[in-house]
Structures are given as C-alpha cells and as structure tokens.
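Each chain is listed here by its residues.
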Amino acid sequence: MTIKNYINGEFIAPIKDNWIDNYNPSIGEVYGQIPNSTKEDVAKAYEAAEKAFPTWSNTTLAERSRILLNIAEKISEKLDALANAEAKDNGKPLSLAKAIDIPRASSNFEFFANAITQFSSEAHETVGLNAMNFTLRQSIGVVGCISPWNLPLYLFTWKIAPAIAAGNCVVAKPSEVTPMTAYLIGEICNEAGLPKGVLNIVHGLGTTTGQAIIEHPKIKAISFTGGTATGAHIARTAAPMFKKLSLELGGKNPNIIFADCDYDKMLVTTVRSSFANQGQICLCGSRIFVEESIYERFKKDFIKKVAELKVGSPFETDTNVGALVSKAHLEKVKSYIAIAEEEGGKIVFGGEEIEVENFENGYYLQPTIIEVTSNQCKLNQEEIFGPVVTMMPFKTEAEVLEMANDVRYGLSATLWTQNLNRTMNFSKQLQVGIVWVNTWLLRDLRTPFGGMKASGVGREGGLEALRFFTEPKNVCIQYN
Ligand code: TXE
C-alpha cells in the first residue's frame with residue numbers, strides 16, 4: 001500500500017523518491033510506504049495552494065459551505081472503510097473509530113460549513129467624531145496544518161475544515177505514524193468538488209516535511225496539535241517570522257472526585273476518561289484524586305471495572321483497549337511503569353505487556369493503575385500518554401486544588417461533585433482551558449478548545465477557529 005502526496009488535486013510521488021515505512025501496530029508489521037517529503041515537495045504544495053487562493057477566497061460562502069457539506073456527507077458514506085483504515089493504522093478499536101473518530105471528522109466539516117455562513121465581524125461607531133469603524137475579516141492566504149497520531153482524521157479535519165471554510169488554502173501534514181485516513185480524504189475532496197490546490201497534503205517526518213512547512217517563508221499561519229516539546233520548537237521557528245500560531249499541546253489532567261458525586265456515573269466515566277483510545281487522548285484524566293472518605297471504596301471498584309476491560313485486536317467487536325500506536329511509544333509508556341516504584345508508586349493493577357492470540361507482535365499493554373503518594377513524582381508531572389493512570393487520596397478542597405494546578409500543563413480538568421459552590425469555585429481557580437463537571441469529553445463544537453501553560457497557545461473550535469484563520473483589518477471612515 002503506497003501512499004502518495006495530494007497536491008493540486010493529484011496523487012504524486014515525492015520528488016526525491018524518499019519513502020518511509022508505515023506500520024500496522026496491531027500486528028507490529030510494515031504494511032505500506034509513505035513519502036518522506038522534502039522542502040521541494042512542500043514548495044510544490046505551496047505553489048498549488050497559492051494559485052488556488054485568489055479564486056477560493058472569493059468563492060461565495062454558500063458555495064464553500066456546499067462543498068464542505070459534500071465532504072462531510074462523503075465521509076459519512078465511507079464510514080466503514082475509513083474506520084477500518086484508522087483502526088489498522090493506529091491500533092485503536094474499530095468500534096471506537098466507527099463511533100467517534102470518523103463521525104466526528106464528518107461533523108467537523110458539517111459544523112464549519114454552517115459556521116462560516118453565520119460568521120460576522122464587529123462595527124464600532126466613534127461617537128462625537130463622525131467616524132465609523134468596521135472590521136474586515138479576510139482569509140489569510142496559505143496556511144499550514146500539522147496534526148498528531150492519536151485521533152488522526154478527527155484532529156486533521158478539526159484544522160483543515162475551518163481553514164478552508166474561512167477561504168484559505170492549505171498545506172497539511174498528518175502524523176507520519178498514522179497517514180492513511182488523511183490520504184483517503186484527498187479522494188473524497190476531489191469527489192466532493194473541492195477545487196484543485198485548495199487542500200494539499202504532504203506526508204513525511206516532522207523533522208523533514210513538518211520542518212519545511214513551518215520554515216516556509218510564505219506560509220502565514222500554523223495550526224499544530226502534538227507534543228509540548230515540538231510545540232516549543234515550532235514557536236521558536238515561526239515566531240521570528242511573525243506567523244500566526246495555534247498550538248494545542250500535551251496535558252496531564254486532574255480528575256477530581258468528591259464523596260458527594262453521583263458515584264456510579266463517576267465510576268463508569270472514570271474508566272473511560274482513563275483508558276479510552278488506550279489513554280492516548282490529550283484530554284484523558286491521568287491524575288485521579290479521590291476524597292479520602294471514599295478512597296478505599298473507589299480503589300476497589302475502579303480496579304474491578306478496569307479488570308473487566310478486554311485488551312485485544314482492534315478488529316474484535318468486544319475489544320475495549322486496542323494496540324498502542326507504535327513500538328517506540330509502547331517503550332516510552334513502559335519506561336514510566338518501570339520507574340513507578342522508585343518514584344514511590346505502587347502498581348495496583350496492570351503494568352504488563354499482553355500477547356494477543358494471532359496478533360503476537362502487536363503493541364498491547366494492560367490498562368495500568370498506579371497508586372502514588374505525592375503529586376511531585378514524575379508519574380504525576382510528565383505526560384505518559386498511554387493506558388496508565390495514577391491515583392491518590394486528598395483531604396481538603398484547598399489541598400486538591402493546589403495539586404491539580406501544581407503541574408506544568410493546563411489543558412483540562414474533570415470535577416465530580418454535586419456541590420454548586422464548589423463547582424463554581426473550582427471552575428474559576430483551575431488553571432486549565434476546559435473544565436468538565438460530572439462528565440468527560442462532552443464536546444459542543446461551538447466552544448473554545450485549548451489549554452493554558454505548557455498545554456498551548458490559542459483556542460480552536462467554533463468562532464475561535466474562524467477568527468484564527470482570518471486576519472482582522474479595521475477600516476475607519478470619517479464623514480461630514
Ligand atoms: O508528537 P509530535 P509525537 C504528546 C505525547 C506523545 C508526544 C510525542 O506525549 O508521547 O507528544 O508524540 C509533527 N516541525 N502528544 O512524537 O512529534 C509530526 O510529524 C513540524 C500529545 O507523535 O509532536 C506530527 O505530524 N512538525 C498530543 C506532529 O508534529 C513537526 C498528540 C505531532 O508530532 C516537527 C500527540 C517539526 N520539527 C502526541 N516535529 C495531543 N496533545 O493531542 C514533529 N512534527
């Protein structure tokens with residue numbers, strides 16, 4: 001299976017004929033090749049985008065919206081094929097790809113197809129000086145979108161849909177670890193009538209292809225989701241070139257459980273917020289803090305529920321936890337489990353690799369629960385990004401709030417309580433971009449999405465994304 005770049009509506013091989021292997025993590029085997037595109041390929045993609053820009057940015061909103069809706073519909077029509085491709089490429093359960101990843105990719109296009117028809121800008125009358133200001137929101141030009149491997153099509157479309165809805169043309173790069181569904185979207189765009197060059201997809205390593213995108217002098221904005229270290233590198237490169245930047249980075253999210261919560265709902269949701277997508281979601285609640293009075297009960301019930309999760313091939317219908325995305329990532333996650341004891345932790349469930357029948361070389365790991373005694377250990381401070389959570393008890397609101405905030409990340413937090421005053425006070429004081437109260441991962445696409453501190457800069461979602469992908473220009477008119 002050879003993946004090619006999608007440039008100017010055509011599928012083409014990389015100019016220098018460099019290729020890299022693409023793995024199926026559920027069996028640990030190479031199943032295809034993808035281009036390792038160089039700056040020459042990125043330049044070619046840029047040229048196609050630049051050429052398409054004048055027409056696309058002047059295409060009526062109704063027409064842009066119609067094309068985006070076509071793309072959304074075609075993604076839904078191809079649900080099974082796309083979900084299969086995602087499960088094979090990423091290792092995630094097919095059932096999850098069918099229920100979440102692919103429907104959400106379709107919703108991303110549908111949402112921004114509609115949002116762009118409702119987007120408006122401001123006007124300010126300068127009373128007393130006979131002046132009127134209005135804000136023109138214009139398409140930026142050619143923008144770069146770089147996405148990660150954990151939710152491949154879901155996060156790729158979360159960027160390209162608002163970018164093209166706002167009239168920009170795009171040079172996009174999916175993760176080299178999971179390129180397949182981004183490749184398939186090219187054909188869908190052609191079928192849906194997206195004009196040539198509006199979306200261009202180049203494949204390859206971050207250090208070659210990604211680097212060429214962020215360094216390209218004429219790509220004016222970069223929307224990136226991925227690791228915090230990569231985000232810092234991109235900021236260092238792009239900031240002196242004054243590119244617009246949106247960075248969605250890592251998380252180390254607290255899941256704060258008070259004794260007055262709806263216990264059954266909390267328990268079921270906490271299993272999900274810990275291990276969905278093998279714990280490879282930046283929003284997973286990887287630090288669980290439980291009020292002392294229910295700690296032992298929670299520990300017993302949580303272990304029992306987690307023990308019921310079936311780790312297995314992504315393609316079995318009863319699989320809850322599939323394969324990790326790559327051998328390198330499996331090793332990284334295992335390295336945290338290996339230091340659990342010296343960090344003062346105790347593995348109370350899991351911790352071992354699993355051999356799945358007929359899938360022996362796949363990257364399977366038991367969901368793992370580690371009891372820790374301090375929030376200062378590496379397990380609580382560093383992003384593990386796998387099926388590993390820590391838990392510890394707390395006594396007071398002040399103590400748990402301090403621990404929740406005492407971390408370099410600030411993406412999301414989950415709070416379980418029925419107390420309204422506490423809900424409001426925590427919502428105000430938690431240093432995160434998203435607070436979920438008595439729920440997790442409930443997403444309304446109109447809401448701002450993103451993090452504080454080392455979790456990033458800027459917000460995606462709803463009008464925030466359309467604002468990011470447009471340049472505001474104030475026009476001031478004085479009259480007599
Ligand atoms: O991410 P990278 P990786 C975290 C998670 C994970 C770690 C590393 O902790 O273990 O990041 O994962 C591209 N210029 N998250 O290595 O490297 C790269 O090719 C331009 C959190 O996969 O950040 C890919 O397309 N681009 C996270 C994208 O950046 C570059 C999701 C992300 O890769 C580049 C994934 C460069 N110099 C990992 N180097 C989340 N927040 O959702 C790499 N890339």
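Residues numbered from 1 in each chain as written. Predicted model: local features only at pLDDT ≥ 70, side-chain atom pairs only at ≥ 80, totals over all residues. Heavy atoms only, no water.

Caption draft 1: Spatial organisation of the sheet that holds strand 13 (residues 287-291). Within the open sheet, the seven strands sit side by side as 14-15-16-13-12-18-19. Their pairing is mixed. Looking along the sheet, the strands with just one partner apiece sit at the ends: strand 14 (346-349) and strand 19 (434-437). Pairs of neighbouring strands in the sheet enclose a mean axial angle of 25°, with direction left out of account. Against the sheet, helix 10 (residues 292-307) makes contact with strand 12 (254-257), strand 13, strand 14, strand 15 (368-371) and strand 16 (388-394), and its axis sits at roughly 135° relative to strand 13, the strand it touches most. (Pairing = 2+ DSSP bridges. Helix = DSSP H or I, 4+ residues; strand = E, 2+ residues; numbered from the N terminus. Axes fitted to C-alpha atoms, helices over the stretch in contact; angles between N-to-C directions. Contact = heavy atoms within 4.5 Å.)

Caption draft 2: Quick look at the packing of helix 2 (residues 61-77) against helix 6 (residues 180-192). For the pair helix 2 and helix 6, the least separation of the axes is 9 Å and the interaxial angle reads 130°. One element, helix 2, and the other, helix 6, form an angle in the oblique class. The handedness of the crossing between helix 2 and helix 6 is right-handed. Listed contacts from helix 6 to Ile67, Asn70, Ile71, Lys74 and Ile75 of helix 2 are Ile185, Ile188, Cys189, Glu191 and Ala192. Class assignment for the residues of the contact of helix 2 with helix 6 results in seven nonpolar, one polar and two charged. (Parallel < 35°, antiparallel > 145°, perpendicular 65-115°, else oblique. Left-handed = near helix turned anticlockwise from the far one by under 90°. Nonpolar A, V, L, I, M, F, W, Y, C, P; charged D, E, K, R; others polar.)

Caption draft 3: Main features of helix 3 (residues 79-90). In this model, helix 3 (12 residues) spans 16 Å end to end at C-alpha, consistent with the 16 Å of a helix rising 1.5 Å per residue. Buried within helix 3 are the following residues: Leu82, Ala83, Ala85, Glu86, Ala87, Asp89 and Asn90. Buried residues belonging to helix 3 abut strand 3 (19-24), strand 4 (29-35), helix 2, helix 4 (94-118), helix 5 (152-165) and helix 6. Of the residues trailing helix 3, Gly91 is marked for its positive phi of about 95°. (Expected span 1.5 Å × (residues − 1). Buried < 20%, exposed > 50% of the residue type's maximum accessible area, 1.4 Å probe, protein only.)

Caption draft 4: Expanded view of the environment of Pro448. Locating Pro448 in the fold gives a position in the loop between strand 19 and strand 20 (452-453). Given a relative accessible area of 43%, Pro448 falls into the partly exposed group. Setting aside residues no more than four positions away along its own chain, Pro448 makes contact with Arg459, Glu460 and Glu464.

Caption draft 5: Just the site of the ligand, in detail. Taken together, 26 residues form the shell around the ligand, and within it Trp149, Glu176, Thr230, Lys332 and Glu383 come nearest. Relative to its unbound accessible surface of 810 Å², the ligand loses 86% to contact with the protein. Elements supplying a minimum of two residues to the shell around the ligand: helix 7 (206-215), strand 10 (221-225), helix 8 (228-238) and helix 11 (327-338). Ranked by residues supplied to the shell around the ligand, first place goes to helix 7 with four residues. (Near = heavy atom within 4 Å. Areas by Shrake-Rupley, 256 points an atom, 1.4 Å probe, with all protein chains shown as cover.)

Caption draft 6: Representation of the environment of Glu341. Inspection of the secondary structure assignment puts Glu341 in the loop between helix 11 and strand 14. Linking Glu341 and Glu371, residues 30 residues apart in sequence, is a C-alpha distance of 9.9 Å.

Caption draft 7: Fine view of the domain arrangement of the protein. Looking at the protein, the domain boundaries give domain 1 (5-249 + 455-478) and domain 2 (254-444). Inter-centroid distance (C-alpha atoms) of domain 1 to domain 2 is 30 Å. Each partner contributes to the interface: domain 1 provides 26 residues, whereas domain 2 provides 28 residues. Between domain 1 and domain 2 the total buried area reaches about 2200 Å² when both faces are included, carbon and sulfur atoms providing 58% of it. Counting the surface domain 1 buries against domain 2, the share from its top three residues, Ser26, Trp149 and Ser455, is 24%. Summed over the shared surface of domain 1 and domain 2, the number is zero salt bridges. Joining domain 1 to domain 2, the criterion identifies nine residue pairs in polar contact (both at pLDDT 80 or more). Of all the secondary structure elements, the ones that give two or more residues to the side of domain 1 that touches domain 2 are helix 3 and helix 4. Looking at the side of domain 1 that touches domain 2, its residues break down into 12 nonpolar, 10 polar and four charged. (Domains from an automatic or database assignment. Buried area = accessible area lost by both parts, 1.4 Å probe. Salt bridge = Lys/Arg side-chain N within 4 Å of Asp/Glu carboxyl O. Polar contact = N/O pair within 3.5 Å; in protein donor to acceptor, adjacent residues only side chain to side chain.)

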